[in-house]
Amino acid sequence: MVVLGSSDPLRGVLKAVKPSTAQMANDSAATGPESGGGAKEGVARRPRGRPPGSKNKPKPPVFVIRDSPSSLRTHVMEIAGGTDIADSLAQFTRRRQRGICVLAGAGAVANVAFRQPAAGVIALHGTFEILSLTGTFLPAAAGSGGLTVYLAGGQGQVVGGGVVGALTAAGAVVVTAASFASATYERLPLEDEGDDHK
């Protein structure tokens, strides 16, 4: 039996290595009945699923700043009185290098001549209200279809057909049209492509 005095230097060493009560309590809490007496691993389990704040964020909107060559533009054209409507539209296509498809027209015309299948060319003198105005103009002269107009007469009769010559506006005429930059020319009927599938 060794009695250590207060002046013995080993007493301080033994006191330092002796575990404290708080440390022993932490060790006993770490080793419970679920661990089967062994030490519990200190690595925490990673939660399942995506971490918070990692959801797909909405994408910013896409702005198209340049028109596609095949896109359509809507035009509302006001044609002054005394002007040839067909010639004004043809000049627009040549200067802008865009084909146009006339959708509608509103206003009055004077002294118009048009072609009917049964009666041939008919010339009308006077002022007539536009009921319908359609047509196509292309930058190149070939393929331009001209205008087709239907008018209301003074007594309620409706006359119309393909315009022959000038279509003079009796006042301000408003034309609604769609323009396009490029057109594809096709020759119909298409050639037989059956040999390619044999």
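Rules behind the numbers
Residues numbered from 1 in each chain as written. Predicted model: local features only at pLDDT ≥ 70, side-chain atom pairs only at ≥ 80, totals over all residues. Heavy atoms only, no water. Helix = DSSP H or I, 4+ residues; strand = E, 2+ residues; numbered from the N terminus. Buried < 20%, exposed > 50% of the residue type's maximum accessible area, 1.4 Å probe, protein only. Contact = heavy atoms within 4.5 Å. Areas by Shrake-Rupley, 256 points an atom, 1.4 Å probe, with all protein chains shown as cover. Pairing = 2+ DSSP bridges. pLDDT = per-residue confidence, 0-100. Core = buried A, V, L, I, M, F, W, Y, C linked by side-chain atoms within 4.5 Å. Patch = residues over 30% accessible without salt bridge, like charges linked within 9 Å, V, L, I, M, F, W, Y side chains within 5 Å. Salt bridge = Lys/Arg side-chain N within 4 Å of Asp/Glu carboxyl O.

What to know about the overall build of the protein chain
Consideration 1: Scanning the protein chain from N- to C-terminus turns up three helices and eight strands.
Consideration 2: Of the regular secondary structure in the protein chain, the N- to C-terminal order runs α-α-β-α-β-β-β-β-β-β-β.
Consideration 3: Counting all 198 residues of the protein chain, 22% fall into the buried class.
Consideration 4: Within the protein chain, counting contacts between residues at least 6 apart in sequence, those at least 24 apart form 62% of the total.
Consideration 5: Surface accessibility of the protein chain: about 15200 Å² in total, with carbon and sulfur atoms responsible for 55%.

Points about the environment of Ser182
Consideration 1: The topology assignment puts Ser182 in the segment after β8 (173-180).
Consideration 2: Taking the C-alpha atoms as reference points, Ser182 and Leu138, separated by 44 residues in sequence, lie 9.4 Å from one another.

Overview of the pairing of β8
Regular strands place their side chains on alternate faces of the sheet.
Consideration 1: Burial analysis of β8 places six of its eight residues in the buried class, which makes it a mostly covered element.
Consideration 2: Taken together, the eight bridges between strand β1 (residues 72-79) and β8 define a ladder with antiparallel strand orientation. Of the residues in β8, the one forming a bridge with Ile79 is Val173.
Consideration 3: Pairing geometry for strand β2 (residues 99-106) and β8, over seven bridges, is antiparallel. Considered in β8, the bridge of Ala104 is made with Thr176.

What about the confidence of the model for the protein chain?
Consideration 1: Of the residues in the protein chain, 68% reach a pLDDT of 70 or more, and the chain-wide mean stands at 78.
Consideration 2: Predicted confidence is poor over residues 32-40, with pLDDT under 50, and the contacts of this stretch with residues over four places away or in other chains come to four contacts.

Concerning unusual backbone geometry
Consideration 1: Note the cis peptide between Leu188 and Pro189, where omega equals 0°.
Consideration 2: Along the chain, Pro189 falls in the segment after β8.
Consideration 3: Not every positive phi belongs to a glycine, and Asn111 is a case in point at roughly 55°.
Consideration 4: By the secondary structure assignment, Asn111 is in strand β3 (residues 108-116).

Concerning the nonpolar core
Consideration 1: If you look at the biggest cluster of nonpolar residues, it comprises 26 residues, and the most contacted ones within it are Ile85, Leu89, Leu133, Phe137, Leu147 and Leu167.
Consideration 2: For this core, the secondary-structure elements that each account for two or more residues are β1, α3 (85-96), β2, β3, β4 (120-137), β5 (146-152) and β8.
Consideration 3: Those residues in contact with Leu147 that sit more than four places away from it in its chain are Ile85, Ala86, Leu89, Val102, Leu133, Thr134, Gly135, Phe137, Gly161, Gly162, Val163 and Leu167.

Brief notes about the environment of Val158
Consideration 1: Mapping Val158 onto the fold places it in strand β6 (residues 158-163).
Consideration 2: Classification of Val158 by relative accessible area gives exposed; the value is 54%.
Consideration 3: For the pair Val158 and Phe128, spaced 30 residues apart in the sequence, the C-alpha separation amounts to 9.8 Å.
Consideration 4: When near neighbours in sequence (up to four residues on either side) are disregarded, Val158 contacts Leu131 and Leu151.

Considering the pairing of β2
Consideration 1: Pairing of β2 with β4 involves three bridges; the strand directions are antiparallel. Residue pairing in the sheet places Val102 in a bridge with Gly135 of β4.

A closer look at the side chain of Thr93
Consideration 1: Its place among the elements puts Thr93 in helix α3.
Consideration 2: Note on Thr93: relative accessible area 1%, which makes it buried.

As for a nonpolar patch on the surface
Consideration 1: On the surface, a nonpolar cluster with roughly 290 Å² of combined accessible area is contributed by Leu131, Tyr150 and Val158.
Consideration 2: As for its placement among the helices and strands, Tyr150 is situated in strand β5.
Consideration 3: On the basis of relative accessibility, which here comes to 39%, the residue Tyr150 falls in the partly exposed class.

Observations regarding the environment of Leu103
Consideration 1: Looking at the secondary structure, you find Leu103 in strand β2.
Consideration 2: Assessed through its relative accessible area of 49%, Leu103 is described here as partly exposed.
Consideration 3: For the pair Leu103 and Ser132, spaced 29 residues apart in sequence, the C-alpha to C-alpha distance is 8.6 Å.
Consideration 4: When neighbours within four sequence positions are excluded, Leu103 is seen to be in contact with Leu133, Thr134, Thr176, Ala177 and Ala178.

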